[in-house]
Amino acid sequence: MMGMGKRTKYHEAKLGYAMILPLLAVVSLFIILPVLGTFWISLHRDVTFIPKVSFVGFKNYLRILSNPDFWYSVFVTVAFSLTSVTFETVLGLAFALILNEEIRGRGMLRAVVLIPWAVPTIISARTWQLMYNYSYGLFNWLFSHLGLGAINWLGTPTSAFFAVVVADVWKTTPFMTLLLLAGLQAIPKDLYEAALIDGASMFERFKSITLPLLKPVLIVALILRTIDALRVFDIIYVLTGGGPGGATTSVSFLAFNYYNLGDYGLGSTVSILTFVLVLSFTIVYLHVGKFREGLK
């Protein structure tokens, strides 16, 4: 009997490996190989105006890590990610809680909430750029009619940073809402009914039932959204072009600048460091605050 049990487990293991083999092949082809290729390029002095590509080892990394512009871009990227993801999580959870209730027109409200996420990022960023315009933008038109005067929304480092954050929060909050709403709908209603019978208040039900059971979905949503925020490029490219004075230059935008100048070695180096930054944040999410237990 023990031999039959071992053979069964062996066949189950083989079946499991066979089923994930296509996934491993896709991951290797479209993720691992490009990362390894980018890492290999980062070890070379590869510039379009120099015909010879030379192996320089980790000199590109030393150049980037000693460059103040890189560390400033890291600061901008982390600050942007923490700010936007925090607002998106809070707003997404609030909208998800509202849309999870039995209210009139709930189906239409769910569709309306998802509209910003359905709009392509380039289009939404261009729309926000028009609204931020100093001369004819919607915001300055409103401020002028209120007697507050025009504001150069994209002309100063602080206002440009928060202008990008607001545009990103508007665009991506529906993503958080959708994920958290799915998690809320998976919570059994019987738990809330039992809590009501016991006299639990709305806050107590949220603290004791909603948050603990929503935690796995919340962790996944945070990881996905943070990874996306750390790689931010398109909305910055359209809204500010990394300005003013590099105030909104993310690490992805810095890599783009190197690629655009024809320096593929340094561009690949920044890309690899971006990958390390994203991986570090993911590990932190999984380990800090007992997040690992939340995924079990």
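Everything discussed here concerns the structure shown above.
This one's a predicted model, so the numbers in the text were calculated from it and none came from an experiment.

S.K.: Please clarify how the packing of aromatic side chains should be interpreted in this entry.
M.R.: Any pair of aromatic rings gets described here by the distance separating the centres and the angle formed by the planes. Taken as a whole and assessed by the stated rule, the structure comprises 22 aromatic pairs. Judged by centre distance (6.1 Å) and plane angle (40 degrees), the rings of Tyr72 and Phe75 are tilted. Pair noted here: Tyr72 and Phe75 are both in helix α3 (residues 68-99), with a separation of three residues, about one helical turn. Aromatic pair Tyr237 and Phe256: ring centres 5.6 Å apart, planes at 85 degrees, arrangement edge-to-face. Here Tyr237 is found in helix α11 (residues 234-239), whereas its partner Phe256 is found in helix α12 (residues 251-260), with 19 residues between them in sequence. On the accessibility criterion, Phe256 (26% relative accessible area) is partly exposed.

S.K.: Looking at this structure, I do not really get the pattern of salt bridges. What am I missing?
M.R.: Between side chains of opposite charge, a pair can form when the charged atoms approach closely. Under the criterion given, the structure shown has five salt bridges. Across the pair Asp263 and Arg45 runs a salt bridge, and its minimum N-O distance is 3.1 Å. On the criterion of sequence distance, the pair formed by Asp263 in the loop between α12 and α13 (264-287) and Arg45 in strand β1 (residues 44-45) is long-range, its members being 218 residues apart. With a relative accessible area of 10%, Asp263 lands in the buried category. Arg45 gets classed as partly exposed once you look at its relative accessible area, which sits at 23%. Note that Arg231 and Asp228 form a salt bridge whose closest N and O atoms lie 3.3 Å from each other. A residue is classified by how much of its surface remains accessible, and Asp228, at 37% relative accessible area, is partly exposed. Among the charged side chains, a network of salt bridges with common partners joins Glu88, Asp168, Arg225, Asp228 and Arg231.

S.K.: Looking at this model, I keep getting lost on the packing of α3 against helix α10 (residues 202-230). Mind explaining?
M.R.: Between two packed helices, both the angle of their axes relative to each other and the distance between the axes serve to describe the pair. Between α3 and α10, the shortest axis-to-axis distance is 10 Å and the interhelical angle comes to 140 degrees. Between α3 and α10, the angle falls in the class oblique. The two elements α3 and α10 cross, and the hand of that crossing is right-handed. Across the interface between the two elements, Thr77, Phe80, Ser81, Ser84, Val85, Glu88, Thr89, Leu93 and Leu97 of α3 pack against Phe206, Thr210, Leu214, Leu218, Leu222, Arg225, Thr226, Ala229 and Leu230 of α10. Of the residues in the contact of α3 with α10, the class split is ten nonpolar, six polar and two charged.

S.K.: How should I be thinking about the environment of Ser66 in this particular structure?
M.R.: With respect to the element layout, Ser66 can be found in the loop between α2 (59-65) and α3. Note on Ser66: relative accessible area 54%, which makes it exposed. Reaching out from Ser66, the side chain makes a polar contact with the backbone oxygen of Arg63 at a distance of 3.1 Å.

S.K.: What should I look at first to understand the nonpolar core in this one?
M.R.: One recurring pattern in soluble globular proteins is that nonpolar side chains are buried together. One finds Phe80, Trp128, Tyr132, Val164, Ile235, Ile236 and Leu239 to be the most contacted residues of the largest nonpolar core, which totals 28 residues. For this core, the secondary structure elements donating two or more residues are α3, α6 (121-132), α8 (157-185), α10 and α11. It is α8 that contributes the most residues to this core, eight residues altogether. Leave out the neighbours within four places in its chain, and Ile235 touches Thr121, Ala125, Val164, Ala167 and Asp168. Ranked by size, the runner-up nonpolar core spans 17 residues in total, among them Val78, Val251, Tyr258 and Leu273.

S.K.: Looking at this structure, I do not really get a nonpolar patch on the surface. What am I missing?
M.R.: Taken together, Val26, Leu29, Phe30, Ile31, Ile32, Leu33 and Leu36 make up a surface patch of nonpolar side chains, about 680 Å² in accessible area. Counting through the fold element by element, Leu29 comes out in helix α1 (residues 2-42). Of the residues examined, Leu29 reaches a relative accessible area of 47% and is grouped as partly exposed.

S.K.: Explain α6 to me, please; I cannot follow it from the model alone.
M.R.: Given a rise of 1.5 Å per residue, twelve residues ought to cover 16 Å, and the 16 Å separating the end C-alpha atoms of α6 matches this to within 8%. The inward-facing, buried residues of α6 contact α7 (138-145), α8 and α11.

S.K.: I tried to follow unusual backbone geometry on my own but got confused; where do I start?
M.R.: The phi torsion of most residues other than glycine is negative, and most of the peptide bonds are trans. Omega for the bond connecting Gly243 with Pro244 falls within 30 degrees of zero, at -5 degrees, which places this linkage in the cis form. Counting through the fold element by element, Pro244 comes out in the loop between α11 and α12.

Conventions adopted
Residues numbered from 1 in each chain as written. Predicted model: local features only at pLDDT ≥ 70, side-chain atom pairs only at ≥ 80, totals over all residues. Heavy atoms only, no water. Phe/Tyr/Trp six-rings, centres within 6.5 Å; stacked < 30°, edge-to-face > 60°. Helix = DSSP H or I, 4+ residues; strand = E, 2+ residues; numbered from the N terminus. Buried < 20%, exposed > 50% of the residue type's maximum accessible area, 1.4 Å probe, protein only. Salt bridge = Lys/Arg side-chain N within 4 Å of Asp/Glu carboxyl O. Axes fitted to C-alpha atoms, helices over the stretch in contact; angles between N-to-C directions. Parallel < 35°, antiparallel > 145°, perpendicular 65-115°, else oblique. Left-handed = near helix turned anticlockwise from the far one by under 90°. Contact = heavy atoms within 4.5 Å. Nonpolar A, V, L, I, M, F, W, Y, C, P; charged D, E, K, R; others polar. Polar contact = N/O pair within 3.5 Å; in protein donor to acceptor, adjacent residues only side chain to side chain. Core = buried A, V, L, I, M, F, W, Y, C linked by side-chain atoms within 4.5 Å. Patch = residues over 30% accessible without salt bridge, like charges linked within 9 Å, V, L, I, M, F, W, Y side chains within 5 Å. Areas by Shrake-Rupley, 256 points an atom, 1.4 Å probe, with all protein chains shown as cover. Expected span 1.5 Å × (residues − 1).

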